[in-house]
Amino acid sequence: MRARSDAGAAEGHGAADRSTTSSPITSGANGVRTSPLTAGEITAFYEKGYVRPGKVFSDEQAASLRDLVQRLTRSEDEAGRRYDLLDPALWPEEDRSNAETAGDEDARAARDPAQSFDFLFNMWLVDEDFRAAVFNPTTARWAAQLLGTTRVRLLEDNALNKSPSPHELRWHQDYSYWPLAQPNAVTAWVALDDVNERNGAMLMACGSQHLGERLPVVFGTGTPYLRESRPPSVAEVGDPVELGLPVEEVELAAGEVSLHSSLIWHASGPNRSERGRRAIVMRYVADGTIWLGAQRYEYNYSDEEVGLAPGEPIGGRYFPVVPF
Ligand SMILES: O=C(O)CCC(=O)C(=O)O
């Protein structure tokens with residue numbers, strides 16, 4: 001099940017038929033696209049919640065970024081900053097005892113570190129080459145188009161390294177984890193390896209972004225939390241299949257990007273290949289979005305560290321404007 005390229009994807013839809021883009025989709029000799037999103041692509045994003053506009057890094061750039069992610073994973077590990085998205089130590093007690101009863105090995109022992117899903121945070125502050133990749137003007141411009149703004153800030157970057165492992169990342173919504181008063185944010189997920197069903201491509205529940213804010217979940221188990229502190233009308237992420245939402249698998253070639261809404265429900269399957277599945281991720285927020293800080297979510301930085309009080313527009317050294 002390969003999601004078709006969204007370049008001109010909404011052909012056949014009323015709005016997209018009238019779509020006219022100020023500039024056509026163009027790619028350089030290395031296959032890298034720099035042209036803006038078309039109206040058809042923006043319409044497809046509105047309808048489905050994600051878009052797959054093409055390649056933003058050449059094969060050579062993707063290869064050197066793969067090596068860089070490998071090196072950074074090692075150095076972060078050595079510095080004691082390893083964070084595994086699927087670590088059973090992050091599971092709530094209840095999930096652990098349920099799994100133990102069901103005979104799940106992971107619930108008893110720390111998972112084999114070789115089966116980790118490494119999540120590196122804000123490498124742009126650590127490495128020049130990573131910074132150059134993250135400040136890609138094309139993806140920043142696409143984010144601005146999708147958010148309907150003229151200026152975007154970097155909320156965070158991530159390097160992801162999903163090792164071969166039978167474990168899944170459960171359905172979740174990104175906005176649930178962010179200290180923002182509005183979901184004016186979008187993620188650009190750039191594959192560094194070819195990504196497909198075998199190595200755990202992302203799955204998107206198309207249209208779920210129209211269903212509003214949901215509770216955060218534990219990535220490894222799907223258990224929701226923060227029910228007491230979020231408004232009572234904020235429900236759990238549901239089962240997209242039960243709800244009749246189309247699920248699309250986002251196959252990408254190395255260097256290709258998909259951009260997804262901060263409200264869309266997404267997940268990813270096990271990596272059944274023999275090597276890691278690496279990606280770099282840029283998360284953009286519309287300039288002017290309001291910081292809520294720890295009162296909404298205990299983020300990687302405290303309100304004091306970022307110098308922002310709840311109610312202030314996001315900004316400062318940790319959230320730079322990305323020029324395009
Ligand atoms: O890489 C994955 O499998 C999932 C990543 C994800 O959920 C995200 O980047 O928002």
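No experiment lies behind these values; they were computed from the predicted model shown. (Residues numbered from 1 in each chain as written. Predicted model: local features only at pLDDT ≥ 70, side-chain atom pairs only at ≥ 80, totals over all residues.)

### Considerations on the overall build of the protein
Stage number 1. When helices and strands are tallied, the protein shows seven helices and ten strands.
Stage number 2. Taking contacts inside the protein between residues at least 6 apart in sequence as the whole, the part at least 24 apart equals 78%. (Helix = DSSP H or I, 4+ residues; strand = E, 2+ residues; numbered from the N terminus. Contact = placed C-beta atoms within 7 Å.)

### Focus on the pairing of strand β1 (residues 50-55)
Stage number 1. Judged by how many residues are buried, β1 sits mostly within the fold: six of six residues are covered.
Stage number 2. Relative to strand β8 (residues 256-261), β1 runs antiparallel, the two sharing four bridges. Residue pairing in the sheet places Tyr 50 in a bridge with His 260 of β8. (Buried ≥ 20, exposed ≤ 12 C-beta atoms within 10 Å, placed from the backbone. Pairing = 2+ DSSP bridges.)

### Quick notes on the site of the ligand
Stage number 1. Taken together, Leu 160, Lys 162, Leu 169, Asp 174, Thr 187, Trp 189, Met 202, His 266, Ser 268, Ala 279 and Val 281 make up the full set of residues adjacent to the ligand.
Stage number 2. The residue inventory of the shell around the ligand, partitioned by class, reads six nonpolar, three polar and two charged. (Near = placed C-beta within 6 Å. Nonpolar A, V, L, I, M, F, W, Y, C, P; charged D, E, K, R; others polar.)

### Digging into the sheet that holds strand β6 (residues 202-205)
Stage number 1. Here four strands make up an open sheet; going across it, the order is β4-β9-β6-β7 and the pairing antiparallel. Each edge of the open sheet is held by one strand with a lone partner, namely β4 (169-173) and β7 (247-250). With strand direction ignored, the average angle separating the axes of adjacent strands in the sheet is 25°.
Stage number 2. Examined bridge by bridge, β4 and strand β9 (residues 265-268) share three bridges and lie antiparallel to one another. Of the residues in β9, the one forming a bridge with Leu 169 is Ser 268. (Axes fitted to C-alpha atoms, helices over the stretch in contact; angles between N-to-C directions.)

### Focus: the sheet that holds strand β10 (residues 277-286)
Stage number 1. An order of β1-β8-β5-β10-β3-β2 is seen for the six strands of this open sheet, with the pairing classed as antiparallel. The sheet terminates laterally at β1 and β2 (117-121), the two strands that pair on one side only. The average undirected angle you get between the axes of adjacent strands in this sheet is 20°.

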